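One-letter residues, chain by chain:
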Amino acid sequence: MTLDDEVRAVSAAWDQALIGNDAPLVADFMTDDWVYVGPGGATPKADVIGWIASGRLIHHSMVVIGADRVVRAGDAVLVTARKASSGSWDGVAYTADEWITEVYVRTDAGWRCALSQKTGVSQ
């Protein structure tokens with residue numbers, strides 16, 4: 001398995017953990033200082049994991065649309081892909097079509113995501 005394939009596999013497994021809404025498992029895919037960057041700015045790991053643990057944020061599906069792009073940048077690996085997802089936020093259903101970039105770093109525990117950035121797909 002190539003390094004690119006290793007990181008793709010970790011990214012896919014993380015998506016499955018998100019769909020399973022298992023907060024501790026989701027957290028295992030992130031570095032301690034992981035951050036999500038979206039339209040509202042930066043959100044730390046503790047907030048996202050807390051939302052999943054409480055049921056405030058629930059993921060139902062997450063599908064990669066088309067091909068992803070994997071790029072090595074020094075010791076980090078960047079994965080960019082278009083993903084469609086569904087779930088609920090505070091009990092209100094949502095669907096999303098987004099471009100996501102994830103920055104992975106190798107740790108003693110394996111590849112972990114250090115940053116996730118999402119941008120909505122313009123229609």
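Scroll up for the structure.
Residues numbered from 1 in each chain as written. Predicted model: local features only at pLDDT ≥ 70, side-chain atom pairs only at ≥ 80, totals over all residues. Heavy atoms only, no water.

Draft legend 1. Seen up close, the overall build of the chain. On a plain count of helices and strands, the chain comes out with three helices and six strands. Put simply, the chain runs from its N terminus to its C terminus through helices and strands in the order α-α-β-β-α-β-β-β-β. The C-alpha atoms of the chain give a radius of gyration of 14 Å, which matches the 14 Å a tight globule of 123 residues would have. Summarising its shape, the C-alpha atoms of the chain cover approximately 40 × 35 × 25 Å along the three principal directions. Among the 123 residues that make up the chain, the fraction classed as buried is 38%. Summed over all atoms, the accessible surface of the chain reaches about 6700 Å², with 56% contributed by carbon and sulfur. A gap of 4 Å separates the mean positions of the 10 positive and 16 negative side-chain charges of the chain. (Helix = DSSP H or I, 4+ residues; strand = E, 2+ residues; numbered from the N terminus. Rg over C-alpha atoms; globule rule 2.2 N^0.38 Å. Buried < 20%, exposed > 50% of the residue type's maximum accessible area, 1.4 Å probe, protein only. Areas by Shrake-Rupley, 256 points an atom, 1.4 Å probe, with all protein chains shown as cover. Lys, Arg positive; Asp, Glu negative; His and termini not counted. Charge placed at Lys NZ, Arg CZ, Asp CG, Glu CD.)

Draft legend 2. The arrangement of helix α1 (residues 3–20) in detail. If you check α1, its first and last C-alpha atoms are 26 Å apart, about what 18 residues at 1.5 Å a residue would give, namely 26 Å. One or two positions beyond α1, positive phi appears at Asn 21, with a value near 55°. (Expected span 1.5 Å × (residues − 1).)

Draft legend 3. Examining the environment of Ala 114 more closely. You can see Ala 114 is positioned in strand β6 (residues 110–120). Residues Ala 114 and Asp 32, spaced 82 residues apart in sequence, show a C-alpha to C-alpha distance of 8.0 Å. In this view, Ala 114 contacts Thr 31, Asp 33, Trp 34, Val 35, Val 103 and Val 105; residues no more than four positions away in its chain are not counted. (Contact = heavy atoms within 4.5 Å.)

Draft legend 4. Representation of the nonpolar core within the structure. Counting 23 residues, the largest nonpolar core has Trp 14, Val 26, Trp 34, Ile 52 and Tyr 104 as the members making the most contacts within it. Those elements that place two or more of their residues in this core are α1, α2 (23–28), β1 (30–38), α3 (45–54), β3 (57–73), β4 (76–89) and β6. With residues up to four places along the chain from it excluded, the contact list for Val 26 reads Trp 14, Ala 17, Leu 18, Ile 49 and Ile 52. (Core = buried A, V, L, I, M, F, W, Y, C linked by side-chain atoms within 4.5 Å.)

Draft legend 5. Structural detail: α3. Three or more residues of α3 are buried, namely Lys 45, Val 48, Ile 49 and Ile 52. All buried residues of α3 project into a common sector of 95° when viewed along the axis, lining one side. Exposed residues lying more than 90 degrees from the buried face of α3 are Ala 46 and Ser 54. For α3, the secondary structure elements touched by its buried residues are α1, α2, β1, β2 (41–44) and β3. Positive backbone phi, approximately 85°, marks Gly 55, located one or two places after α3. (Arc of directions from axis to C-beta.)

Draft legend 6. View of the packing of aromatic side chains. All told, the structure shown has three aromatic pairs when counted by the stated rule. Summarising the aromatic geometry, the rings of Trp 14 and Trp 34 are spaced 6.3 Å apart at their centres and angled 80° between planes, so their arrangement reads as edge-to-face. Of the two residues, Trp 14 sits in helix α1 while Trp 34 sits in strand β1, which places them 20 residues apart along the sequence. By the burial criterion, Trp 14 is buried, and Trp 34 matches it. (Phe/Tyr/Trp six-rings, centres within 6.5 Å; stacked < 30°, edge-to-face > 60°.)

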